[in-house]
Amino acid sequence: MTHQAATIRSARHAMLTGFRGRCPACGQTRLFGRYLKPMAVCSACGQDWTHQRADDFPAYIVILLLGHLIVPLVVEVNRWFAPSMMVQMILWPTLTAVLALLLLQPVKGAVIGLQWAKRMHGFGSPANPG
């Protein structure tokens with residue numbers, strides 16, 4: 001096996017592992033120390049996560065997903081049940097906020113996993129081979 005083949009990183013595996021909140025490099029430890037704050041360094045494999053740059057991309061992905069999920073749901077619920085305006089004013093913003101909070105960390109983990117797998121933002125540079 002060549003050196004290049006030995007260092008290939010599976011983007012799919014890294015993203016799924018990050019989505020589950022585990023270290024995309026080894027899968028053994030937690031990726032996040034707090035809600036959206038990645039651990040500085042993986043305690044199992046030593047991968048440095050301080051230079052990841054997910055920034056606002058996870059939030060954009062969550063907004064896109066929720067827009068495609070909530071809008072058809074609103075249309076179908078109105079079509080079948082015709083809830084009152086007061087019910088809708090409470091239901092839809094609450095459901096959207098809860099789903100956004102539940103999806104934000106897993107999506108950020110997947111974005112970090114993709115950055116790691118594709119060696120973006122210093123992941124795998126000569127100064128940081130991890």
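Predicted, not measured: the structure shown is a model, and the values here were computed from it.

Draft legend 1. Spotlight on the packing of helix H3 (residues 57-80) against helix H4 (residues 85-117). Relative to each other, H3 and H4 sit at 145°, their axes nearing to 8 Å. By crossing handedness, the relation of H3 to H4 is classed as right-handed. Side by side, H3 and H4 meet where Phe57, Pro58, Ala59, Ile61, Val62, Leu66, Ile70, Leu73, Val74, Val77 and Asn78 of the first sit next to Gln88, Trp92, Leu95, Thr96, Leu99, Ala100, Leu103, Leu104, Val107, Lys108 and Val111 of the second. Split into classes, the residues belonging to the contact of H3 with H4 amount to 18 nonpolar, three polar and one charged.

Draft legend 2. The arrangement of the packing of helix H2 (residues 11-19) against H4 in detail. Look at H2 against H4: their axes get within 7 Å of each other, and the N-to-C directions meet at 150°. Put simply, H2 runs roughly antiparallel to H4. H2 and H4 meet at a crossing whose hand is right-handed. Where H2 abuts H4, its residues Ala11, Ala14, Met15, Gly18 and Phe19 lie against Pro106, Val107, Gly109, Ala110, Gly113, Leu114, Trp116 and Ala117.

What counts as what
- Residues numbered from 1 in each chain as written.
- Predicted model: local features only at pLDDT ≥ 70, side-chain atom pairs only at ≥ 80, totals over all residues.
- Heavy atoms only, no water.
- Axes fitted to C-alpha atoms, helices over the stretch in contact; angles between N-to-C directions.
- Helix = DSSP H or I, 4+ residues; strand = E, 2+ residues; numbered from the N terminus.
- Left-handed = near helix turned anticlockwise from the far one by under 90°.
- Contact = heavy atoms within 4.5 Å.
- Nonpolar A, V, L, I, M, F, W, Y, C, P; charged D, E, K, R; others polar.
- Parallel < 35°, antiparallel > 145°, perpendicular 65-115°, else oblique.

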